[in-house]
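What follows is each chain in one-letter form.
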Amino acid sequence: MSDIMDIKYAVAATFSSAKDLFNAAGKVREKGYTNWECFTPIPVHGLDAQMGYPRSKVPRFTLAGGVTGFFTGMLIVWFMNEFDYPLIVGGKPYFSPIYPFPVFYELTILFAAFGTLFGMFFLNRLPRHNHPVFEHPDFGRTGDDKFMIVIEVDDPKFDEDETTEFLKSVGGDSVQTIREPID
């Protein structure tokens with residue numbers, strides 16, 4: 001059995017205000033780090049742009065779900081009118097997009113909502129029931145009054161001593177190494 005019971009996951013620094021975190025995030029991005037994250041108790045306007053994140057891809061999943069729902073509704077109505085129950089009432093054609101509009105509309109909304117939900121789960125790599133950042137002693141306060149930047153070991157520019165000193169230099173209050181327990 002090995003003496004090592006955990007491995008390094010990241011270095012985390014806490015900040016007291018959104019302004020401090022916002023400024024530090026810009027410096028982290030300018031320094032060239034690519035595998036890092038910010039944790040905040042409130043939404044910080046412009047933080048995603050400051051971190052260099054592109055626009056979210058979730059709307060693509062929403063659009064794909066909506067289009068799929070619309071065409072599923074069209075197919076259902078066409079199939080039922082053509083094969084299951086071909087009945088001409090009042091001279092109406094077997095298939096018309098006007099009369100069954102609620103079916104198309106509701107399936108478009110339903111599938112778009114599912115596309116959004118599952119797209120968000122997929123892109124956020126959920127569900128992950130335990131994350132190493134949860135083990136940080138101050139992480140619980142990021143839901144209350146603290147702000148945190150976490151730079152992961154997987155980052156190509158990561159060097160524990162250099163990253164720790166850098167986070168202290170950008171104003172990090174409590175800079176600590178996060179370790180991931182090995183089962």
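Everything below is about the structure printed above this text.
Since we're looking at a predicted model, the values are computed, not measured.

1. Comments concerning the side chain of Thr163
Next, step 1: Within the element layout of this structure, Thr163 appears in helix α5 (residues 160-169).
Next, step 2: Residue Thr163 is classed as buried on the basis of its relative accessible area of 0%.
Next, step 3: Those residues within four positions of Thr163 in sequence are excluded, and the remaining contacts are Val11, Tyr33, Ile151, Lys157 and Phe158.

2. A few points about a nonpolar patch on the surface
Next, step 1: Together, Leu75, Ile76, Trp78, Phe79, Met80, Phe83, Ile88, Tyr94 and Phe95 make up a nonpolar patch on the protein surface, roughly 850 Å² of accessible area in all.
Next, step 2: On the secondary structure map, Ile76 appears in helix α3 (residues 58-84).

3. Observations regarding helix α1 (residues 18-31)
Next, step 1: Counted at 1.5 Å a residue, the expected span for α1 with its 14 residues is 20 Å, and the 20 Å between its end C-alpha atoms agrees.
Next, step 2: Listed in full, the buried residues belonging to α1 are Leu21, Ala24, Ala25, Gly26 and Val28.
Next, step 3: Where α1 is buried, its residues contact β1 (6-15), β2 (36-39), α2 (47-50), β3 (147-152) and α5.
Next, step 4: At the exit of α1 stands Gly32, carrying a positive phi of roughly 105 degrees.

4. Some words on the pattern of salt bridges
Next, step 1: The tally for this structure, following the rule as stated, stands at 2 salt bridges.
Next, step 2: A salt bridge links Lys8 to Glu160; the nearest nitrogen and oxygen atoms lie 2.6 Å apart. Of the two residues, Lys8 is situated in strand β1 and Glu160 in helix α5; the sequence distance between them amounts to 152 residues.
Next, step 3: Assessed through its relative accessible area of 39%, Lys8 is described here as partly exposed.
Next, step 4: Under the relative-accessibility criterion, Glu160 is labelled partly exposed at 21%.

5. Section: the nonpolar core
Next, step 1: Membership of the largest hydrophobic core comes to 21 residues, with the highest contact counts inside it found for Phe15, Val28, Trp36, Cys38, Ile149, Ile151 and Leu167.
Next, step 2: Those elements that provide at least two residues to this core are β1, α1, β2, β3 and α5.
Next, step 3: Element by element, the count of residues in this core is highest for α1, at 4 residues.
Next, step 4: In this structure Ile151 touches Ala10, Val11, Val28, Tyr33, Asn35, Trp36, Phe158, Thr163 and Leu167, once residues within four positions along its chain are discounted.
Next, step 5: Listed in part, the 8 residues of the second largest apolar core include Val133, Met148, Val150 and Ile178.

6. Side note on the sheet that holds β3
Next, step 1: Overall, antiparallel pairing links the 4 strands, which are arranged β2-β3-β1-β4 in an open sheet. Two strands in the sheet have a free side with no partner beyond their single neighbour: β2 and β4 (175-181). Recorded for the sheet is a direction-independent mean angle of 25 degrees between the axes of neighbouring strands.
Next, step 2: Pairing analysis gives 6 bridges linking β1 to β3, with the strands arranged antiparallel.

7. Concerning the environment of Ile7
Next, step 1: For Ile7, the location among the structural elements is in strand β1.
Next, step 2: Residue Ile7 is classed as partly exposed on the basis of its relative accessible area, which comes to 40%.
Next, step 3: Measuring from C-alpha to C-alpha, the distance between Ile7 and Phe122 comes to 26 Å, with 115 residues separating the pair along the chain.

8. Re a negative patch on the surface
Next, step 1: A cluster of acidic residues, Asp159, Asp161, Glu162 and Glu165, forms a negative patch at the surface.
Next, step 2: Positionally, Glu162 belongs in helix α5.

Reading the values: rules and limits
- Residues numbered from 1 in each chain as written.
- Predicted model: local features only at pLDDT ≥ 70, side-chain atom pairs only at ≥ 80, totals over all residues.
- Heavy atoms only, no water.
- Helix = DSSP H or I, 4+ residues; strand = E, 2+ residues; numbered from the N terminus.
- Buried < 20%, exposed > 50% of the residue type's maximum accessible area, 1.4 Å probe, protein only.
- Contact = heavy atoms within 4.5 Å.
- Patch = residues over 30% accessible without salt bridge, like charges linked within 9 Å, V, L, I, M, F, W, Y side chains within 5 Å.
- Areas by Shrake-Rupley, 256 points an atom, 1.4 Å probe, with all protein chains shown as cover.
- Salt bridge = Lys/Arg side-chain N within 4 Å of Asp/Glu carboxyl O.
- Expected span 1.5 Å × (residues − 1).
- Core = buried A, V, L, I, M, F, W, Y, C linked by side-chain atoms within 4.5 Å.
- Pairing = 2+ DSSP bridges.
- Axes fitted to C-alpha atoms, helices over the stretch in contact; angles between N-to-C directions.
- Lys, Arg positive; Asp, Glu negative; His and termini not counted.
- Charge placed at Lys NZ, Arg CZ, Asp CG, Glu CD.

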